[in-house]
Amino acid sequence: MVSIQSKITPHIAERLQSEKVIWLTTVNKECIPQPTPVWFYWDGTAFTIYTRPRSFKMLNIYENPHVTLNFEGADELGGDVVIFTGTAFPKGQQSELAPEYLEKYALSIEQWGTSVEEYSREYGEKIVVVPYKLRIVE
């Protein structure tokens, strides 16, 4: 089996660092996909996402940890979509957000009109998604 790291091109690696939003799709109890835009940090092997405790996405992950993450199309025709399929692991409420995540989003948090401390309290539930499949729609 080919690892997904071997399928990550320089273009995809750049998007993993520069994109601010990725779509996390979970499945609810009725088996209906539930896409949600989320902020993320990619460490080279897994995605780190923070959310509100007891959010719908967390409830869905507790029921079914199989998820997808995808970027929006990067061209005007809807191409250049990158889709990761993976397993989500809830890590519980964190007292602090990962430094790499904060480095990426501290300015956005401030522009959103809140402090890092307030954001950490409200969105401190950590999810780690380990991808096992990568699909590129050109």
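Being a predicted model, the structure only gives us computed values, none of them experimental.

Rules and cut-offs
- Residues numbered from 1 in each chain as written.
- Predicted model: local features only at pLDDT ≥ 70, side-chain atom pairs only at ≥ 80, totals over all residues.
- Heavy atoms only, no water.
- Pairing = 2+ DSSP bridges.
- Helix = DSSP H or I, 4+ residues; strand = E, 2+ residues; numbered from the N terminus.
- Contact = heavy atoms within 4.5 Å.
- Axes fitted to C-alpha atoms, helices over the stretch in contact; angles between N-to-C directions.
- Expected span 1.5 Å × (residues − 1).
- Bend = angle between axes of the 7 residues up to and from the residue.
- Buried < 20%, exposed > 50% of the residue type's maximum accessible area, 1.4 Å probe, protein only.

Draft legend 1. Local environment of the pairing of strand β1 (residues 22–27). In this structure, β1 lies alongside strand β2 (residues 33–38), joined through 6 bridges in antiparallel fashion. Pairing of Ile22 across the sheet is with Val38, part of β2. Both β1 and strand β5 (residues 66–70) contribute to a ladder of 3 bridges, which runs antiparallel. Residue pairing across strands places Leu24 opposite Leu69, the latter belonging to β5.

Draft legend 2. Local environment of the side chain of Ser108. Its location among the elements puts Ser108 in helix α3 (residues 99–111). Discounting residues that sit within four places of it in the chain, Ser108 has contacts with Lys20 and Trp39.

Draft legend 3. Just the sheet that holds strand β3 (residues 41–42), in detail. As summarised here, the arrangement of the 7 strands in space is β2-β1-β5-β6-β7-β4-β3, forming an open sheet in which the pairing is antiparallel. Each edge of the open sheet is held by one strand with a lone partner, namely β2 and β3. Docked against the sheet, helix α1 (residues 10–18) engages β3, β4 (47–51), β6 (81–93) and β7 (125–137), running at close to 40° with respect to β6. Helix α2 (residues 56–63) rests against β1, β2, β4, β5, β6 and β7 of the sheet, and its axis sits at about 50° to β1.

Draft legend 4. Quick peek at α3. Counted at 1.5 Å a residue, the expected span for α3 with its 13 residues is 18 Å, and the 18 Å between its end C-alpha atoms agrees. The largest bend along α3 measures about 55° and falls at Tyr105. When we look at burial in α3, the residues that qualify are Tyr101, Leu102, Lys104, Tyr105, Ser108 and Ile109. Looking at the buried residues of α3, the elements they touch are α1, β3, β4 and α4 (116–122). Gly113 occupies a position one or two residues after α3 and carries a positive phi of about 90°.

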